[in-house]
Amino acid sequence: MVTYLIRRLIGLIPALAWITVISFAIIHLAPGKPTDAAGAFNPKASLEARQRLEKLYGLDRPIPVQYLDWLGRTLRLDFGRSFLDDRPVIEKIQERLPITLLINSVALILMLGLCIPLGVFAAVRPDSLWDRCTTVWVFLGYSIPSFWLALLCMAYFGVHLHWLPISGLYSLDHDWMGPIARMMDIAHHIILPIGVIVFVGLAGLSRYVRSSMVEVLQKDYIRTARAKGLSERRVLFHHGLRNALLSIITILGLSLPDLITGSVIMETVFSIPGMGRLFYDAVMARDYSVIMALVTIGAILTLFGNLLADIAYAYTDPRIRVGTALTEC
Amino acid sequence: MSLLRVDDLSVCYQTGDQKVLAVDQVSFSIEPGEIVAIIGESGSGKSSLALAITRLLPRSSAQICARRILFEDTDLLEASEASLRNIRGGRISYVFQDPSSSLNPVLTIGEQLRETILTHTRCRKSEADPPSLEWLRKVGIPQEHLRLSAYPHEFSGGMQQRVMIAMAMASRPALLIADEPTSALDVTVQVQILRLLREFQQRFGLAILLICHDLLIVRRLAQRVMVLYQGRVVETGAVNHVFEQPAHPYTRRLLEARAYLSGPLK
Amino acid sequence: MANLLKNHLARAGAFILAILALIATLAPWLAPYDPLAVNLPEALFPPSSVHWLGTDPLGRDVLSRLIYGTRISLVIGFIAVGVAVVIGSAIGVIAGFFGGWLDSLLMRLVDTMLSFPSIFLLLAIIAIVEPSIYTIMIVIGMTSWMGVARLVRAEVLSLKEREFVLAAKGLGASSSRIILKHLLPNAIGPVWVAATLGVGSAILTESILSYLGLGVQPPTPSWGNILNEGRIALGLAWWLTLIPGVCILVTVLSFNLLGEGLREWMHRPHN
C-alpha cells in the first residue's frame, strides 16, 4: 500500500510539470505581450498595474527564466495580486472556495446516494421500463445545455412560481437574520443550482453504475454466491455492489473537472459568489493573475482528486491494499 | 430411493432471435454416496446441465424444462425460490472450475465461509468462526486461524479450490456438484484436490456429480459415467463397462484420443 | 449502412441533422427577416403570425436569428471537430508509431489536458485572444483533441504489428509513407464515432461560451447569445429562453444518437 502510494505520487510529477507548462504557455499565447492585451481589453488596468504585471511575469527576460521564476512563485502559492482591486489572488480564492466546496460536496453526496439505487435497479432488470427511462435520461443529460436547464428552472420556480430565489447566495435581509435563518437562507438559494447539477450529473453516473453492475453480475463469484443459496438482496448488495463500487470510485475521480466546469456555469448563471464566478469575472475583466492562478489550481485539484480516487480504490480493493501473496499449497 | 432423479431435462438458450438447445432431454439418477461422472467435450452442455439442476441459470436467457427434477423429496422444478435457496449450498453444493474467479475478490475467505454456515445452519454470528476454522483444517489449509482474514488473491489456485470445497462442505450437503474442479489447476495439485473429494465422499457419504473431460480422472474416481454429446446422453453405465466396451462411436473416439496421448507416439 | 439505419434512434438523429443542414444552407432564403435588423418599436413581441417566434429585446425576428444561428452552430461544431481530429490524429499517430519516450511524453500531455477543467482552459485562452467565430472554433478544437489522440494511438499500436505494415517496412518504405498510406487511413475508423459525438459537444460548448458572452459576438446570431439576450427578459419573454435551448438540445441529441448508433454499428462482429 505504501509503495503503491509512493509510486502514484511519483507518477504525478510529469503531469504536474505539463500543467505548469500549459498554464505558462497560455499567458504567452497572446500576440505581443499579455499585458498589452490586458490594457486593450481592460481599461481598468492602469499603466501602473500593467507595469506591475510585466514585472511580475518578468516579461523582459528569456522565456526559460520567466518559466522557472513563475514556477517558483506558484509553488509558494504566490499568484500575485488581482489588478481589479489589488488584493492578493490567493486571498480572493480562499474567500470564495468554501461556497464552491459546499455546493459541490452537497451535489456530489446527493449524486452518490442516488446513483447507486437508480443504477442497480436498472442493472437488475435490463430492458425494463425503468431501464429504458434511464437510457432516455442519459441521452438528455448528455445533450442538454445545463445553463439552459438552469434558466428554465429559474424562470419556472423563481419568476413564475416565486418558490425559490433565482440569484445570489443571500437574501437582502440576510445580515439581520439569526444563525439558523441564515443557514436556511443559503440553503434556499442553493437548491436550484444543486438540483440542476445533480440532475445532469446523475444521468451519466447512474448509467455508469448500471453498466459496471451488469458487468459484475456476470462474474463467476456471483454465480458462486447464488449457488451458496444466498438471498438475491445479499447477492446484489454484498457481493455485487461492493465490486461495482470499485469502478464507480474511479469515475468519480475522473468527473472532477466536469464538476469544476459545472461550478463556473452554475455560479455564473445563478450569480453565486464562488470560485467559478470569480473565474468568470476574472475572464471578463482579463484579470490575468486570477485567471492563471485558478487554471493552475483547478488542474492540480483535479490531479489530486484523481489521486484521491486511486487511493480510495486501492483501499477498497484488497488486491492492491494487501499486496502480499502466500503461495503454498 | 435415488438421491437425485432427473427426467427429460432440457435447457434452451435464447439469444436474440436464435434458440440454442444446450441440453436435450437428459435423464439420470444419483444414489446417495455415489460418484457419477459426466464427460463430454466443451460445449456439450455439461455445465448447463449442472446449473440447471438447482435452477441457477439466468432466467432471462435460459429456459429449463423437464418432467421432474426430484431431489430427496422435493421436485426442484416446482419448488419455491425460498426452498430452492435452502437446497442450494445447503443440500446441494457446487464447486466450480476456476477458483480464482469463483471467489469474491473483495471479501475475505472468512466472510465467504461464514456466510454459507450462517445461511444454512442454525448458528449465531459469533459462533460461526469455529466451524469455519474446522472446515479449513479439514480441506488441508495450513495455519487456518491466520487465513480467515485473508483475501482470495493471497492464496494459490489449489488453496483457493480448497476454500471453495470447504465452503461447499460446510453445510454438510448430500450432493456435491463439481464442475471441472481441477481443470484450472496444476497436475500435482489436481491429484490433491481429487483425493480430498474422494475422502469426503467416503467420510460423509457424500454423493458427487463430477463433471470432467479427463478420462483418467473419471476412471479413477467415478462409479458410473454418462457421455454427453451435443446436449444428449449418448452412453451411460458403470465406468469399467463403458471404458472397456464403448458402444457409441463418440465414446470410442474419446477413448482412442486418450489412448493415443498416453501410449507411445507412433 | 443498412444496419445503421435500422437503429430507429440513430435514424431519427440523422434525419434531424439532415434537416438542420438544409436549414443552415438555405438560411438566406428561409429567414423571413434580416436577422440583424433592429426594430426597437417591435421589441419583445410574443410569437404571432407576423413574427412566428416573436422578437428579441432589440426587436429582431427570433426565427430569422435562429435560422442563421443554425448555420453558425453547425459550422463551428464541424470545424472545431475538424481541428480536434487533425491535432488528435497527428499526436496519436506520432505517439503510437514512434513509441518510446515520445509516446510517454505525448500521452502525459493528453492526461494533463484532460485534467484541466475544460472550461478553464477555454476561457483562459479566450481571455487572451479576442473571441470571434474563428477563434472559438480553433480554441474548442485545441481543447478537445485528447480523445481522438488516444483512439488513434491505440489503433496505430495494433496496426503497427500487422502484416501489411510490417511488409511495407520490410520493403523499405519511409516512416511518413507508412503513416500516411497505411496507418492513418486504417486508424480513422473509430474516430468517426468520436467525431460525431464531438460535434455535439462542440456545439454545446459554443452555446455556453456565447451565453457567457465569450463566444460568438453580437450582433451575429448564435443560439447561445440569443439565450444570453433572453436572460434580461427572463420570465417576461419565454420564447427567448425556451426555443433556442430546444434547438441546442435537439441538435446535440441528434449528434449523440447518431454517434451511439455508429458505435453500435461498428462494434457489430461482421464489421
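A brief look at the structure comes next.

1. Focus on the overall build of chain A
Phase 1 of the analysis: Secondary structure summary: chain A contains 14 helices and 0 strands in total.
Phase 2 of the analysis: Mapped from its N terminus to its C terminus, chain A presents α and β elements in the order α-α-α-α-α-α-α-α-α-α-α-α-α-α.
Phase 3 of the analysis: In chain A, which comprises 329 residues, the proportion classed as buried is 50%.
Phase 4 of the analysis: Within chain A, residue pairs in contact and separated by at least 24 positions form 72% of the contacts whose partners lie at least 6 positions apart.
Phase 5 of the analysis: Roughly 15,500 Å² of accessible area belongs to chain A as shown, and the carbon and sulfur atoms make up 67% of that amount.

2. Focus: the environment of C:Ser89
All names here are of chain C.
Phase 1 of the analysis: Along the chain, Ser89 turns up in helix H4 (residues 62-98).
Phase 2 of the analysis: Along the primary structure Ser89 and Leu151 are separated by 62 residues, whereas in three dimensions their C-alpha atoms are 8.5 Å apart.
Phase 3 of the analysis: Not counting chain neighbours up to four residues away, the residues in contact with Ser89 comprise Ala84, Val148, Val152, Leu184 and Ile188.

3. Describing the interface of chain C and chain A
Phase 1 of the analysis: Opposite the 42 residues of chain C that make contact, chain A presents 46 residues.
Phase 2 of the analysis: Across the chain C to chain A interface the summed buried area is about 4,000 Å²; carbon plus sulfur atoms make up 82%.
Phase 3 of the analysis: On the surface where chain C and chain A come into contact, there are 0 salt bridges.
Phase 4 of the analysis: Looking at the side of chain C that touches chain A, the elements that each hand over two or more residues are helix H5 (100-115), helix H6 (118-128), helix H11 (189-211), helix H12 (223-231) and helix H13 (238-267) of chain C.

4. Digging into the pattern of salt bridges
Phase 1 of the analysis: On inspection of all chains with the given rule, the structure shows 33 salt bridges over all chains.
Phase 2 of the analysis: A salt bridge links A:Arg207 to A:Asp131; the nearest nitrogen and oxygen atoms lie 3.1 Å apart. Here A:Arg207 is found in helix H8 (residues 179-217), whereas its partner A:Asp131 is found in helix H6 (residues 129-143), with 76 residues between them in sequence.
Phase 3 of the analysis: Here A:Asp131 falls in the buried class, since its relative accessible area comes to 3%.
Phase 4 of the analysis: A salt bridge links B:Arg137 to B:Glu144; its shortest N-O distance comes to 3.0 Å.
Phase 5 of the analysis: Residue classification places B:Glu144 among the buried residues on the basis of a relative accessible area of 13%.
Phase 6 of the analysis: Linked through salt bridges whose partners overlap, the residues forming this network are C:Asp56, C:Arg60, C:Arg65 and C:Glu229.

5. Things to note about the interface of chain A and chain B
Phase 1 of the analysis: If you look at the interface, chain A gives 28 residues, while chain B gives 35 residues.
Phase 2 of the analysis: Carbon and sulfur atoms make up 57% of the area that chain A and chain B hide from each other, which totals about 2,700 Å².
Phase 3 of the analysis: Connecting chain A to chain B are 2 salt bridges.
Phase 4 of the analysis: With its nearest N and O atoms 2.8 Å apart, the salt bridge here joins A:Lys228 to B:Glu115.
Phase 5 of the analysis: Taken together, the connections running from chain A to chain B amount to 13 residue pairs in polar contact (both at pLDDT 80 or more).
Phase 6 of the analysis: The set of elements that each furnish at least two residues to the side of chain A that touches chain B consists of helix H9 (220-227), helix H10 (232-254) and helix H14 (318-321) of chain A.
Phase 7 of the analysis: For the side of chain A that touches chain B, the element with the highest residue contribution is H10(A), accounting for 7 residues.
Phase 8 of the analysis: Among the residues making up the side of chain A that touches chain B, the classes are represented as 9 nonpolar, 9 polar and 10 charged.

6. Topic: the side chain of B:Gln161
Phase 1 of the analysis: Here B:Gln161 shows up in helix H7 (residues 157-169).
Phase 2 of the analysis: Polar side-chain contacts of B:Gln161 include one of 2.9 Å to the backbone oxygen of B:Phe96.

7. Details of the pairing of strand S9 (residues 207-212) of chain B
Residues and elements named next belong to chain B.
Phase 1 of the analysis: Counting buried residues along S9, 6 of its 6 residues qualify, which places the element largely inside the surrounding structure.
Phase 2 of the analysis: Alternating positions in S9 separate into two faces, Ala207, Leu209 and Ile211 on one and Ile208, Leu210 and Cys212 on the other, with burial throughout.
Phase 3 of the analysis: The pairing of strand S3 (residues 35-39) with S9 spans 5 bridges and is classified as parallel. Each bridged residue has a counterpart across the sheet, and for Ile39 the counterpart in S9 is Cys212.

8. Section: a nonpolar patch on the surface
Phase 1 of the analysis: The grouping of A:Val2, A:Ile6, A:Ile10 and A:Ile13 at the surface amounts to a nonpolar patch, some 390 Å² of accessible area in total.
Phase 2 of the analysis: Residue position: A:Ile13 is located in helix H1 (residues 2-27).

9. Details of the packing of aromatic side chains
Phase 1 of the analysis: Per the counting criterion, the structure on display carries 14 aromatic pairs over all chains.
Phase 2 of the analysis: With a centroid separation of 4.3 Å and an interplanar angle of 20°, the aromatic rings of A:Phe279 and C:Phe120 are classed as stacked. With A:Phe279 in helix H12 (residues 275-285) and C:Phe120 in helix H6, this residue pair bridges two chains. Considered together, A:Phe279 and C:Phe120 belong to a single accessibility category, that of buried residues.
Phase 3 of the analysis: Aromatic side chains B:Trp135 and B:Phe200 sit 5.8 Å apart centroid to centroid with 70° between the ring planes, which places their arrangement in the edge-to-face category. Highlighted residues: B:Trp135 in helix H5 (residues 129-138) and B:Phe200 in helix H8 (residues 187-204), separated in sequence by 65 residues.

Calculation notes
Residues numbered from 1 in each chain as written. Chains lettered and ligands numbered in written order. Predicted model: local features only at pLDDT ≥ 70, side-chain atom pairs only at ≥ 80, totals over all residues. Heavy atoms only, no water. Helix = DSSP H or I, 4+ residues; strand = E, 2+ residues; numbered from the N terminus. Buried < 20%, exposed > 50% of the residue type's maximum accessible area, 1.4 Å probe, protein only. Contact = heavy atoms within 4.5 Å. Areas by Shrake-Rupley, 256 points an atom, 1.4 Å probe, with all protein chains shown as cover. Buried area = accessible area lost by both parts, 1.4 Å probe. Salt bridge = Lys/Arg side-chain N within 4 Å of Asp/Glu carboxyl O. Polar contact = N/O pair within 3.5 Å; in protein donor to acceptor, adjacent residues only side chain to side chain. Nonpolar A, V, L, I, M, F, W, Y, C, P; charged D, E, K, R; others polar. Pairing = 2+ DSSP bridges. Patch = residues over 30% accessible without salt bridge, like charges linked within 9 Å, V, L, I, M, F, W, Y side chains within 5 Å. Phe/Tyr/Trp six-rings, centres within 6.5 Å; stacked < 30°, edge-to-face > 60°.

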